[in-house]
Amino acid sequence: MLIDIIAGARPNFMKIAPIVRAIESRAAAGGPLRYRLVHTGQHYDARMSGDFFEQLGIPEPHANLEVGSGTQAEQTAAIMVRYEQLLLDAPSALCPVVGDVTSTMACAIAAQKLRVPVAHVEGGIRSGDWTMPEEINRMVTDSITNWFFTTSEVANGNLRRAGVADDRIFFVGNTMIDTLLANLDRLKPPPFWEELGLKPGQYFVTTLHRPANVDAGDAFLRLLAAIGEGTRGMPVVFPVHPRTAKTLRELGSGEGSGGSGSGSRGSEGHSRGSDRGSALPANLCLVDPQPYLEFNWLVKHARAVITDSGGITEETTVMGVPCLTLRDTTERPETITIGTNELIGTDPSRLKPALDRLFAGQWKKGAVPPLWDGRTGERIVAALEGLLVGTRPNG
Ligand code: UD1
């Protein structure tokens with residue numbers, strides 16, 4: 001039985017890898033499922049896509065819809081048109097989607113309208129913030145999902161409150177954490193580790209790409225200034241997302257190749273805020289988007305991470321690294337109630353007091369949420385076999 005696996009943007013790739021692996025290993029043992037890997041092409045640069053396939057051992061996609069960049073509506077429409085055509089040409093028995101990116105929602109809509117059932121991995125999470133495109137994607141996807149594979153009890157509760165029956169909810173854990181645990185021994189320092197003089201526990205990592213933080217130049221600079229000041233001169237490694245790079249270019253900092261490796265950076269794709277006497281803090285080290293193994297090496301050994309990402313708050317929780325989230329809401333509350341994450345908000349003045357607590361050794365230790373144990377991909381595939389072929393899993 002053929003099922004699709006949909007991937008479109010960077011945070012999808014670590015979530016599909018364990019599902020692909022579990023289908024392959026169960027198929028080798030006589031399991032009934034086969035997969036067709038569909039890359040929508042939402043992310044297309046090597047640094048945002050190809051590097052992750054290579055490092056995580058994900059096979060070449062069977063189909064690439066090559067939608068490329070565009071507005072939310074343009075990307076959504078292009079993915080729907082092309083995925084619908086693929087399904088019409090060669091139907092599949094199920095459309096499993098992961099996460100909350102535009103590709104997730106677009107493929108779910110196209111599939112369900114052709115009566116291909118949808119499974120949502122990471123279903124049920126909610127930030128309540130409708131200004132985030134991801135929240136719209138989650139709500140739309142979940143409203144037309146047949147089966148939910150959830151990461152937390154909070155997600156289960158959200159779904160139940162929305163009227164979803166228990167037999168459609170599978171609390172399986174977190175596939176992103178499967179990938180992290182499977183690769184912990186393979187993490188490696190990036191080429192600039194020595195050159196920037198980075199030492200374990202003596203630097204920070206920051207990532208920022210939410211429109212609310214990076215699209216307005218002045219506010220973005222104030223946020224960066226607060227990061228520079230609060231980190232007390234320690235290096236702050238900042239892998240620059242393409243969207244963020246665009247704002248930096250518009251600010252005239254001369255930065256922002258964001259994945260193409262061009263621009264004014266050094267040969268290894270990094271530069272310091274101090275390099276050109278720009279408005280950027282001197283301890284900020286701008287680097288290109290990092291591959292998976294290098295990025296998580298940086299996170300694992302950092303004093304703390306300052307971010308507006310959702311997925312990174314899960315990885316820091318598992319690695320026990322303090323995480324300061326520059327957002328007002330989160331769809332992953334367990335990273336706060338159980339893990340090492342804290343919501344700081346987007347007001348730059350709130351960062352320094354939090355970092356002062358970190359430097360004073362007052363950050364919480366945190367623990368790992370239930371079922372984030374590295375076996376989620378196996379649970380999902382066992383459940384899918386039961387749903388599609390009729391052998392209910394034992395658990
Ligand atoms: C998307 C996801 C977000 C996720 C993020 C991770 C949605 C709504 N958002 O946001 O949840 O956290 O990916 O990276 O799906 N670009 C490139 N090269 C690429 C891809 C994009 O240069 O390979 C450029 C685009 O041209 C655009 C910008 O980056 O200017 C933003 O890309 P887009 O995919 O629209 O959304 P993200 O902000 O990356």
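Rules used throughout
- Along each chain, the written sequence defines residue order, and numbers are assigned to residues from 1.
- Given that the model is predicted, a residue must reach a pLDDT of at least 70 before its local features are reported, and side-chain atom pairs must reach 80 or more before they are shown or counted; all residues, however, enter totals for whole chains, interfaces and linings.
- The side-chain numbers reported here are obtained from all heavy atoms of the structure, hydrogens and water having been left aside.
- Put simply, DSSP marks the helices as runs of H or I at least four residues long and the strands as runs of E at least two long, and each gets a number from the N terminus on.
- Here the globule rule is a power law, 2.2 Å times the number of residues to the power 0.38, and the radius of gyration is based on C-alpha atoms.
- Relative accessibility decides the category of a residue: with a 1.4 Å probe and only protein chains considered, values under 20% of the type maximum give buried, values over 50% give exposed, and everything between is partly exposed.
- In what follows, residue pairs with any heavy atoms lying within 4.5 Å of each other are defined as contacts.
- For every accessible area listed, the method is Shrake-Rupley and the probe measures 1.4 Å; residues are considered covered only by the protein chains on display.
- Two N or O atoms count as a polar contact when they lie within 3.5 Å, although within protein this holds only if one can serve as hydrogen donor and the other as acceptor, and sequence-adjacent residues are included solely when both atoms are side-chain atoms.
- Here, any two strands with at least 2 DSSP bridges between them count as paired.
- Axis angles are defined between N-to-C directions and span 0 to 180 degrees, where every axis is a line fitted to C-alpha atoms and, for a helix, only to the segment in contact.
- Domain delimitation in this document rests on an assignment produced automatically or drawn from a domain database.
- A simple way to read buried area is as the amount of 1.4 Å-probe accessible surface that goes missing from two parts once joined, with both sides added.
- Any carboxyl oxygen of Asp or Glu within 4 Å of a side-chain nitrogen of Lys or Arg constitutes a salt bridge here.
- One fewer than the residue count of a helix, multiplied by 1.5 Å, yields its expected span.
- Roughly parallel means an angle under 35 degrees; roughly antiparallel, over 145; roughly perpendicular, 65 to 115; everything else is oblique.
- For any pair of crossing helices, the crossing counts as left-handed if the nearer helix is rotated counterclockwise from the farther one by less than a right angle, and right-handed if it is rotated clockwise.
- In this classification, Asp, Glu, Lys and Arg are treated as charged, Ala, Val, Leu, Ile, Met, Phe, Trp, Tyr, Cys and Pro as nonpolar, and every other residue, Gly included, as polar.
- We call Phe, Tyr and Trp rings a pair once their centres come within 6.5 Å, taking the six-membered ring for Trp, and we label the pair stacked below 30 degrees between planes, edge-to-face above 60, and tilted otherwise.

Asker: Which residues make up the overall build of the chain, and what values go with them?
Answerer: A tally of helices and strands in the chain yields 15 helices and 14 strands. Over its C-alpha trace the chain gives a radius of gyration of 21 Å, about what one expects of a compact globule, namely 21 Å for 395 residues. Seen along its three principal axes, the alpha-carbon backbone of the chain occupies a region of about 65 × 40 × 40 Å. When each of the 395 residues of the chain is scored for burial, the buried share is 58%. At a minimum sequence separation of 6, the contacts of the chain that also span at least 24 residues come to 67%. As presented, the chain carries roughly 15,400 Å² of accessible surface, and 52% of it is formed by carbon and sulfur atoms.

Asker: Describe in detail the side chain of Thr376, supporting the description with residues and values.
Answerer: Within the element layout of this structure, Thr376 appears in helix α15 (residues 376-389). Only 2.9 Å separates the side chain of Thr376 from the backbone nitrogen of Asn174, close enough to count as a polar contact.

Asker: Requested: an account of the sheet that holds strand β3 (residues 63-64), with residues and values cited.
Answerer: As summarised here, the arrangement of the three strands in space is β1-β2-β3, forming an open sheet in which the pairing is parallel. Sheet topology places β1 (2-7) and β3 at the edges, where each strand pairs with a single neighbour. Sheet topology note: the strand β2 (residues 34-39)/β3 ladder contains two bridges and is parallel. Bridging across to β3, His39 finds its partner in Asn64. The strands that helix α3 (residues 72-89) touches are β1, β2 and β3; relative to β2, the one it contacts most, it runs at about 155°.

Asker: Can you explain the domain arrangement of the chain? Please cite residues and give values.
Answerer: The domain boundaries assigned to the chain delineate domain 1 (2-174 + 372-389) and domain 2 (186-359). One C-alpha centre belongs to domain 1, the other to domain 2; they are set 28 Å apart. Looking only at domain 1, the three residues that lose the most surface to domain 2 are Arg47, Gln55 and Trp372, adding up to 35% of its buried area. For the interface between domain 1 and domain 2, the tally reads four salt bridges. Among the ionic pairs, Arg47 bridges to Asp288, the shortest N-O distance being 3.5 Å. Every element with two or more residues in the side of domain 1 that touches domain 2 is listed here: α1 (10-28), α2 (46-56) and α5 (133-143). Top element by residues in the side of domain 1 that touches domain 2 is α2. It accounts for six residues.

Asker: Can you break down helix α9 (residues 217-230) residue by residue, with the values?
Answerer: Each α-helix turn comprises 3.6 residues. Residues three or four places apart therefore point the same way. With 14 residues, α9 extends 20 Å between its outermost C-alpha atoms, agreeing within 8% with the 20 Å of an ideal straight helix rising 1.5 Å per residue. Turning to α9, its buried residues number three or more, namely Gly217, Phe220, Leu223, Leu224, Ala226, Ile227, Gly228 and Gly230. Taken from the residues just after α9, Arg232 is the one with a positive phi, measuring 55°.

Asker: An account of the packing of α9 against helix α14 (residues 351-359) is needed here, citing residue identities and associated values.
Answerer: Packing of α9 against α14 brings their axes to within 9 Å, and their N-to-C directions diverge by 25°. Classified by the angle between their axes, α9 and α14 sit roughly parallel to one another. In terms of crossing hand, the pair formed by α9 and α14 is right-handed. Of the residues in α14, those touching α9 at Ala226, Ile227, Glu229 and Gly230 are Leu351, Lys352, Leu355 and Phe359. Grouping the amino acids of the contact of α9 with α14 by side-chain chemistry returns five nonpolar, one polar and two charged.

Asker: Let's hear about the side chain of Ser309: which residues, and what values?
Answerer: Examined against the element boundaries, Ser309 turns out to sit in the loop between β12 (304-307) and α12 (311-319). Among the residues examined, Ser309 registers a relative accessible area of 10% and is labelled buried. Separated by 3.1 Å, the side chain of Ser309 and the backbone nitrogen of Ile312 make a polar contact. Once residues within four sequence positions are removed from consideration, Ser309 is found in contact with Thr207, His209, Arg210 and Arg327.

Asker: How would you summarise the packing of aromatic side chains if you had to cite specific residues and measurements?
Answerer: This structure, assessed with the given rule, holds five aromatic pairs. Centroid distance Phe13 to Phe53: 5.0 Å. Interplanar angle 65°. Geometry classified as edge-to-face. Of this pair, Phe13 sits in helix α1 while Phe53 sits in helix α2, placing them 40 residues apart in sequence. For Phe53, a relative accessible area of 8% corresponds to the buried category. Each ring, one from Trp193 and one from Tyr203, has its centre 5.5 Å from the other, and the planes form 90°; the classification is edge-to-face. With a gap of 10 residues between them, Trp193 in the loop between α7 (175-183) and β8 (204-207) and Tyr203 in the loop between α7 and β8 connect regions that are remote in the sequence. Residue Trp193 is classed as buried on the basis of its relative accessible area, which comes to 11%.

Asker: So what's going on with the pattern of salt bridges? Residues and values would help.
Answerer: Tallying each qualifying case throughout the model produces 22 salt bridges. Glu134 is the salt-bridge partner of Arg210, the closest N and O atoms lying 2.9 Å from each other. Of this pair, Arg210 sits in the loop between β8 and α8 (211-214) while Glu134 sits in helix α5, placing them 76 residues apart in sequence. Its relative accessible area of 10% is what places Arg210 among the buried residues. When its relative accessible area of 16% is taken as the criterion, Glu134 is described as buried. Overlapping salt bridges bring together Lys15, Asp100, Glu122, Glu135, Arg138, Glu314, Arg327, Glu331 and Arg332 as one network.

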